[in-house]
Amino acid sequence: MADRQRPSTDPGDSGIEVTPPKTWAAGVPGVAVALQHALREMGPRRSLKTLSAMNQKDGFDCMSCAWPDPPHRKVAEFCENGAKAVSWEADPLLVPAEFWAEHPVDDLAGRSEYWLGQQGRLTQPVYKSADSDHYTPIGWDAAFEIIADELNGLDSPDQATFYTSGRASNEAAYAYQLFVRAFGTNNLPDCSNMCHESTGVAMADSIGVGKSTVSYNDFALADLIIIMGQNPGTNHPRMLTTLEEAKREGASIVAVNPLPEAGLLRFKNPQRPSGVVGRGTQLADQFLQIRLGGDLALMQALCKRVLEAEDAYGNALDHEFLAEHCTGFTEFADHIRNLDDEQVLIATGLRPAEIDELADRYLKARRVIVTWAMGLTQHRKAVDTIREILNLLLLRGNIGKPGAGASPIRGHSNVQGDRTMGIWEQMPDSFLDALQTEFGFEPPRKHGFDVVESIRRMRDGEVKVLFALGGNLVSAVSDTTVAEAAIRRTKLSVQVSTKLNRSHGVVGERAIILPTLGRTEMDLQASGPQFVTVEDSVCAVHASHGAVPPVADGLLSEVAIVSRLAAATLGDRVDVDWAGFERDYDSIREHISRTVPGCDGYNEKVRWEGGFVLPHPPRDERRFPTVNGSARLTVNQLEPIVVPPGRLLLQTVRSHDQFNTTIYGLNDRYRGIHRGRRVVFVNPDDLAELGFADGEAVDLHGEWTDGVDRVVRDFRVVAFPTARGCAAAYFPEANGLVPLDSVAERSNTPTSKAIILRLERATTPRV
Ligand SMILES: Nc1nc2c(c(=O)[nH]1)N[C@H]1C(S)=C(S)[C@@H](COP(=O)(O)OP(=O)(O)OC[C@H]3O[C@@H](n4cnc5c(=O)[nH]c(N)nc54)[C@H](O)[C@@H]3O)O[C@H]1N2
Ligand SMILES: Nc1nc2c(c(=O)[nH]1)N[C@H]1C(S)=C(S)[C@@H](COP(=O)(O)OP(=O)(O)OC[C@H]3O[C@@H](n4cnc5c(=O)[nH]c(N)nc54)[C@H](O)[C@@H]3O)O[C@H]1N2
Ligand SMILES: [Mo]
């Protein structure tokens, strides 16, 4: 077993040290940190086995992000943060049997995510009854019976909600949505509701498909790549290699971000000798330090410049593409021509010359890719902003041709696959029809609850059971205080998990934890070893094979858990061979091939070397399955965020040492933060104006139209070169500042990147 010691105390933030931020990413420190982490957490043998199998064709898919694998893989096809994710999961340290007696539920709720994650892997189902404040071990069958009884005792299936985090495999996700719909509800909220939902809504409007229109190889063919609202150096580190290759092929790169993120500026590739020493590659040719929420204005300004160039020279638009494939040009052009340039400068905080330069680059490039992530999706106007990116691309035919396209970069490694498999509270009728034909039951048609709506309904006592396939909902969702009270009001909360997190401490009247196999682990069933399948950010589907023996006997796979729960709950109410699902995952894939669009021949295709790519009509044939069968130029209203005097606009971001709510360590190397997380980054000029000094202890107050004073206490001010008027703090510590009802229009995604912030001197500063 591991030499690693469980931390006895919960390390706080008291010794925070701040050094100047880095201006380059990866390189030797990245690899060294990766190996240190792996060896410390897993020991040498498990480290070698896991790291050498990561992202290889016969290995497992790294669970740290959804960045695609290159067609020609290197021996070490992983990054520092992928290694951290694997080390965290494949951790051979086990939560000991006596743990549950020593730590009542409230004790767990008082611990940090870091401490919880360090306790080791969960190995046995545990149950907290209504009259106990402790979990106690329980058998698998008994656990399934408790859940089944509670579900079957509800007045309506809609009184339960079934969350999914985007790490679930396609097989687990498919079985899960089938169970939930056979049970009788579409309440299938998922992490995507808090993540790329705005992308899906916007792209479906504009081009009819909510997924990236580019393939891996397109990056090397692009003339220009615009990276908006994304921090790839930390969150998609392998993307830097792709960008470096694109640069070598002649692409220019533009970064649009309020923060000068190290990975966007300069990259040292650990996989090339020249990257390990020397200055590395300068990545961004232009960096636009935009204000939070300014991207809609920037896109409109660029569209306007394209129209002006067309007026002047007659060659800026792709007339053929517009005539053949697009509708809405006249209304769109009328609207954009009236854009108020003053408003653009206020909203973006940019100088006209900077916008001109980017417009110039855009007009000169024949093939343009725009990528984006959470910096765009978690704003009130997120959907409109992304629709405006599509407008800009459509004007010059940058969709459905090599080297060009719209490329949302997904977060969780299989969040996109889970959607394809039916994890969505609003799956279209065509999908439900297919389920009905295949399985002979009538799936519910009424749309279900997404994440925010599920929390509201729990808060109001209408949803009484929360079941979560992975994730850490209470920490991930907005308005922490409201979310905690909501979940505590349920009658039963169930978590399927690999490791402890806050969602095991903030629970319903009764609670169950079901431990599961991770993706690194071999999955042996009655018919033999099993593999699962996943879909990456560019719609490539491939197999993932566990590489190391499970940390303990008796753990069930997610497929087994879902199948057994379905059998226990539904009995013979529907005609599905749940036991067959668990025995042989091919049987699930047979159903997938008959019911999920683009997946015919699934069992065969996922066995092809490297897998297969799902069809995508706009990408493949410039066919646009929108409401009117064309690509649609849309009209979007610019409504800049108004920040009252004396306030800042706060975003919540990830550090370099975390995966969402999982905290690997207390450092954020690239931003120069060490041994702590309760920091707020503010521009030095704003600090001076507001009368605060670097290093001061402050409370963060969130302001919103409902007048509620949301506050998180005792943060250290860090003077940082972020855009003027903007601030940043870490997710999830600052989630309490985001009101539950402050969501993106239409996608209902919490506005985690736009909180009106008031700083006040700390009322209870640490000494
Ligand atoms: N190691 C690691 N990898 C991860 C994750 C992780 O936590 N750790 N999480 C995974 C998940 S689920 C996801 S969704 C992705 C997240 O990947 P990212 O979206 O890169 O994650 P964030 O840390 O939220 O960073 C948001 C970025 O957008 C910028 N930004 C914020 N607001 C705006 C804005 O208004 N305009 C512009 N132009 N920029 C803005 C921020 O400064 C920051 O650089 O990463 C995935 N990969
Ligand atoms: N303020 C703010 N809030 C945000 C964001 C933000 O940028 N700012 N980002 C949002 C985004 S983009 C996302 S995607 C969500 C993330 O929301 P979630 O997906 O719910 O959160 P994670 O932290 O990724 O979940 C981690 C937990 O998953 C469990 N786990 C890990 N591996 C497995 C596995 O293989 N199987 C099972 N069953 N469980 C496993 C572990 O117990 C771990 O503690 O958070 C959102 N919340
Ligand atoms: Mo995400």
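Remember, predicted model here, so these are calculated numbers, not experimental data.

**A few points about the environment of Gln436**
Relative to the helices and strands, Gln436 is located in helix H22 (residues 429-439). Taking the C-alpha atoms as reference, Gln436 lies 32 Å from Asp61; in sequence the two are 375 residues apart. Setting aside chain neighbours within four positions, we find Gln436 in contact with Phe441, Glu442, Pro443 and Arg445. Only 2.9 Å separates the side chain of Gln436 from the side chain of Glu442, close enough to count as a polar contact.

**With respect to the packing of aromatic side chains**
A complete count under the given rule lists 18 aromatic pairs for this structure. Plain terms: the ring middles of Phe321 and Phe624 are 6.3 Å apart, the flat faces sit at 80° to each other, and that makes the pair edge-to-face. On the criterion of sequence distance, the pair formed by Phe321 in helix H15 (residues 319-325) and Phe624 in the loop between helix H30 (617-621) and strand E22 (631-632) is long-range, its members being 303 residues apart. Pair check on accessibility: Phe321 and Phe624 agree, each one buried. With 4.7 Å between their ring centres and 65° between their planes, Phe681 and Phe720 make a pair best called edge-to-face. Separated by 39 residues along the polypeptide, Phe681 in strand E27 (residues 679-682) and Phe720 in the loop between strand E29 (710-719) and strand E30 (726-730) bring together distant segments of the chain. Of the two residues, Phe681 and Phe720, both sit in the buried class. Positioned over the ring face of Phe659 is Arg167, at 5.1 Å from the centre of the ring. Here Arg589 stacks its cationic end above the ring of Phe531, 4.0 Å away from the centre of that ring.

**A word on the packing of helix H7 (residues 170-183) against H22**
Two elements in contact, H7 and H22, have axes separated by 12 Å at closest approach and are oriented at 85°. When the axis of H7 is compared with that of H22, the two are roughly perpendicular. Contacts between H7 and H22 involve Tyr174, Gln177, Leu178 and Arg181 from the first element and Phe431, Leu432, Leu435 and Phe439 from the second. Here the residues of the contact of H7 with H22 are counted per class, giving 6 nonpolar, 1 polar and 1 charged.

**What to know about the site of ligand 2**
The environment of ligand 2 is made up of 31 residues, and the closest members are Tyr163, Ala476, Asn501, Glu558 and Thr661. Take Tyr163: an N or O atom from its side chain is 2.6 Å from an oxygen atom of ligand 2. At a separation of 3.1 Å, an oxygen atom of ligand 2 approaches a polar side-chain atom of Arg654. Relative to its unbound accessible surface of 920 Å², ligand 2 loses 97% to contact with the protein. Tallied by class, the residues present in the shell around ligand 2 amount to 10 nonpolar, 16 polar and 5 charged.

**Here's the deal with the pattern of salt bridges**
A complete count under the given rule lists 66 salt bridges for this structure. Across the salt bridge formed by Arg387 and Asp205, the nearest N and O atoms sit 2.8 Å from each other. Taken together, the residues span a long stretch of sequence, with Arg387 in helix H20 (residues 382-395) and Asp205 in helix H8 (residues 197-206) at a distance of 182 residues. Residue classification places Asp205 among the buried positions, given a relative accessible area of 15%. Glu621 serves as the salt-bridge partner of Arg623, at 3.4 Å between the closest nitrogen and oxygen. Look at Arg623 and you get partly exposed, because its relative accessible area is 45%. A single network of salt bridges, built from pairs that share partners, joins Asp205, Arg380, Lys381, Asp384, Arg387, Glu639, Glu745 and Arg746.

**Some thoughts on the sheet that holds strand E4 (residues 136-137)**
Ordered by their spatial adjacency, 6 strands build an open sheet running E4-E3-E16-E15-E14-E5, and the pairing between neighbours is mixed. Each edge of the open sheet carries a strand with a single partner, namely E4 and strand E5 (160-164). The pairing of strand E14 (residues 465-469) with strand E15 (residues 492-497) spans 5 bridges and is parallel. Paired with Val465 across the two strands is Leu492, which belongs to E15. Packing of H7 onto the sheet brings it into contact with E5 and E14, and relative to E5 it is tilted by some 170°.

**Quick notes on the site of ligand 1**
With respect to spatial proximity, 32 residues lie near ligand 1, and among them Asn257, Glu261, Gly293, Asp295 and Asn660 are the closest. Measuring from an oxygen atom of ligand 1, one finds a side-chain N or O atom of His379 at 2.8 Å. Measuring from an oxygen atom of ligand 1, one finds a backbone N or O atom of Asn660 at 2.7 Å. Burial of ligand 1 by the surrounding chains reaches 99%, relative to a free accessible area of 920 Å². Put simply, the parts of the chain that give the shell around ligand 1 at least two residues each are helix H10 (232-235), helix H19 (374-377), strand E23 (648-653) and strand E24 (658-659). Among the residues making up the shell around ligand 1, the classes are represented as 11 nonpolar, 17 polar and 4 charged. Both domains that meet at the shell around ligand 1, namely domain 1 (17-89) and domain 3 (197-408), each give it at least three residues.

**Examining the domain arrangement of the chain**
The assigned domain composition of the chain is domain 1 (17-89), domain 2 (105-192 + 414-619) and domain 3 (197-408). The interface of domain 2 with domain 3 comprises 15 residues on the first partner and 12 residues on the second. The contact between domain 2 and domain 3 buries some 1,000 Å² in all, and 52% of this surface belongs to carbon and sulfur atoms. Its largest share of buried area at the contact with domain 3, domain 2 owes to Val538, Pro618 and Arg619, together 46% of the area lost on that side.

**Regarding unusual backbone geometry**
Looking along the chain, the bond that leaves Phe731 and enters Pro732 is cis, with omega of 5°. Take Pro732: it is sitting in the loop between E30 and strand E31 (755-761). The backbone of Asp714 shows a phi angle near 60°, a positive value even though the residue is not glycine. Its place among the elements puts Asp714 in strand E29. Taking the relative accessible area as the measure of exposure, Asp714 reaches 11% and is therefore buried.

Rules of the game
- Residues numbered from 1 in each chain as written.
- Chains lettered and ligands numbered in written order.
- Predicted model: local features only at pLDDT ≥ 70, side-chain atom pairs only at ≥ 80, totals over all residues.
- Heavy atoms only, no water.
- Helix = DSSP H or I, 4+ residues; strand = E, 2+ residues; numbered from the N terminus.
- Contact = heavy atoms within 4.5 Å.
- Polar contact = N/O pair within 3.5 Å; in protein donor to acceptor, adjacent residues only side chain to side chain.
- Phe/Tyr/Trp six-rings, centres within 6.5 Å; stacked < 30°, edge-to-face > 60°.
- Buried < 20%, exposed > 50% of the residue type's maximum accessible area, 1.4 Å probe, protein only.
- Lys NZ or Arg CZ within 6 Å of the ring centre and 35° of its normal.
- Axes fitted to C-alpha atoms, helices over the stretch in contact; angles between N-to-C directions.
- Parallel < 35°, antiparallel > 145°, perpendicular 65-115°, else oblique.
- Nonpolar A, V, L, I, M, F, W, Y, C, P; charged D, E, K, R; others polar.
- Near = heavy atom within 4 Å.
- Areas by Shrake-Rupley, 256 points an atom, 1.4 Å probe, with all protein chains shown as cover.
- Salt bridge = Lys/Arg side-chain N within 4 Å of Asp/Glu carboxyl O.
- Pairing = 2+ DSSP bridges.
- Domains from an automatic or database assignment.
- Buried area = accessible area lost by both parts, 1.4 Å probe.

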